[in-house]
Protein chains: 2
Amino acid sequence: MSYRPTAKTRARRKAQHESLLKTAVSIVARDGFQGLTISRLARETGIATGTVYKYFDSKAHLCAEVFRRATEREVEMVQAASFPEQPASCRQRLTDAVTIFAERAILGGQLAYALIAEPVAPAVEQERLIYRKAYAGIFEQLIEEGVKINEFPDQSPSVSAAALVGILAEVLVAPLGRGDAVTDQNQLIDPIREFCLRAIT
Amino acid sequence: MSYRPTAKTRARRKAQHESLLKTAVSIVARDGFQGLTISRLARETGIATGTVYKYFDSKAHLCAEVFRRATEREVEMVQAASFPEQPASCRQRLTDAVTIFAERAILGGQLAYALIAEPVAPAVEQERLIYRKAYAGIFEQLIEEGVKINEFPDQSPSVSAAALVGILAEVLVAPLGRGDAVTDQNQLIDPIREFCLRAIT
DNA sequence: TAAAGAAGTGAACCATGATTCACACCTATT
DNA sequence: AATAGGTGTGAATCATGGTTCACTTCTTTA
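All figures in this text were calculated on a predicted structure; none of them were measured in a lab.

## A look at the protein's contact with DNA strand C
What surrounds DNA strand C is a group of 25 residues, the closest being A:Ser2, A:Ala48, B:Ser2, B:Tyr53 and B:Lys59. Interatomic distance of 3.2 Å between a backbone N/O atom of A:Gly50 and a base nitrogen of DNA strand C. Side-chain polar atom of A:Thr51 to a phosphate oxygen of DNA strand C: 2.9 Å apart, as the coordinates give it. Elements represented by at least two residues in the surface near DNA strand C include exactly α1 (7-31) and α3 (49-55) of chain A together with α1 (7-31) and α3 (49-55) of chain B. For the surface near DNA strand C, the element with the highest residue contribution is α3(A), accounting for five residues. When grouped by side-chain class, the residues that make up the surface near DNA strand C number nine nonpolar, 11 polar and five charged.

## What to know about the interface of chain B and chain A
Between chain B and chain A, the residue contacts involve 30 residues of the former and 30 residues of the latter. Around 2,400 Å² of area is buried between chain B and chain A when both sides are counted, 69% of it from carbon and sulfur atoms. Area buried by chain B at its contact with chain A is led by B:Glu170, B:Phe195 and B:Arg198, which between them contribute 26% of it. Put simply, chain B and chain A have two salt bridges between them. With a shortest N-O distance of 2.1 Å, B:Glu170 and A:Arg132 are connected by a salt bridge. Run the count over chain B and chain A and you get six residue pairs in polar contact (both at pLDDT 80 or more). The set of elements that each furnish at least two residues to the side of chain B that touches chain A consists of α7 (122-148), α8 (157-177) and α9 (185-200) of chain B. The greatest single-element share of the side of chain B that touches chain A, amounting to 10 residues, is contributed by α8(B).

Rules and cut-offs
- Residues numbered from 1 in each chain as written.
- Chains lettered and ligands numbered in written order.
- Predicted model: local features only at pLDDT ≥ 70, side-chain atom pairs only at ≥ 80, totals over all residues.
- Heavy atoms only, no water.
- Near = heavy atom within 4 Å.
- Polar contact = N/O pair within 3.5 Å; in protein donor to acceptor, adjacent residues only side chain to side chain.
- Helix = DSSP H or I, 4+ residues; strand = E, 2+ residues; numbered from the N terminus.
- Nonpolar A, V, L, I, M, F, W, Y, C, P; charged D, E, K, R; others polar.
- Contact = heavy atoms within 4.5 Å.
- Buried area = accessible area lost by both parts, 1.4 Å probe.
- Salt bridge = Lys/Arg side-chain N within 4 Å of Asp/Glu carboxyl O.

In short, geometric facts, not functional conclusions.
Right, dumping it as structure tokens:
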């Protein structure tokens, strides 16, 4: 035997992996998953198509990682709003969570659309379910807590949580797919927030 | 000139068109849009693949028609529940509409999933937007009426309507994509209905 | 520096499935 | 019967885009 990957080597590999992922996310942010092809990713990264396969087993794996990556931060933000450092009422936390989600989705534009609503291959869809479940999980926990301390009326936390995800997806993100420009952010966010609060409280 | 299509000829053509459409819908009901290919449609109808193109300009057109066809009845049912013959309170009508939608979606299974949630080609997605808009339109009208007579609190009918569509899509249909069997229909419908009513009233 | 294990290359390959097309057959008009 | 549209055929063609592979180049170790 005469070759063993060393720290430097592994670092380079990791960096390349990272670079590919970053480029991939940026492609999705620009043109959605529809725009993400192996050859384009290779071209924009400045390598050969075959090389991509040294870093990702298949396109499905690539998409899954892109999805995870692009998603993490979003879910974290909502998580943070739902379970903040300083104590706050469930009602307030729910408001904040919905607001954060909405603001980021509107800001995110194409990326938000790609993550939530864009038609994609089943393999990616699978990943999306995980993503939606992550949101639903956060909401569910929050609602459960609210119900327990009687701040919210009795309800099925899991159904209510899924419903919230559906509301946000449909009202905020779907319009992006239609290319509807969001003229006034608050004009959209306010009614959504109110709707959600009425529904839960 | 020496040939003009006659009534009998046009009838035959229409019948064939109808037969193709019916077969196509049944394929979608079984295996979703994913399962709908020109060659399979031809096979199941008992004609050659090329013949399909005598009746549909392209697959996109075919899908659009399938979508429209499968959709019509569904939207009609909800429309009927929302604006019944006998007068009823907006609240009651909303309840009925949501119930009808939910029941039919659960019954419909794969078809409901295909119409609302299955990942499809952008061209079909376009058609789906029309479909969702049809539902949203019904709800919007109903909510508007309820707000006007002060049966519902003040709110943005268009946002609330879209939200309802999102709720129904996410809570009812998305699980079908996961293959979650619906064990108890009412166990799912009841909380949804309550959620929607709380949100609107 | 020779050997061995990665990484990089990119054109060829493959899979899928829509679409076409040259031709045969049918149907209405004169 | 001759002619002009239609309809039906299905193998061949196209398009797209993922995936492979034989080969080269780089890195590390002995």
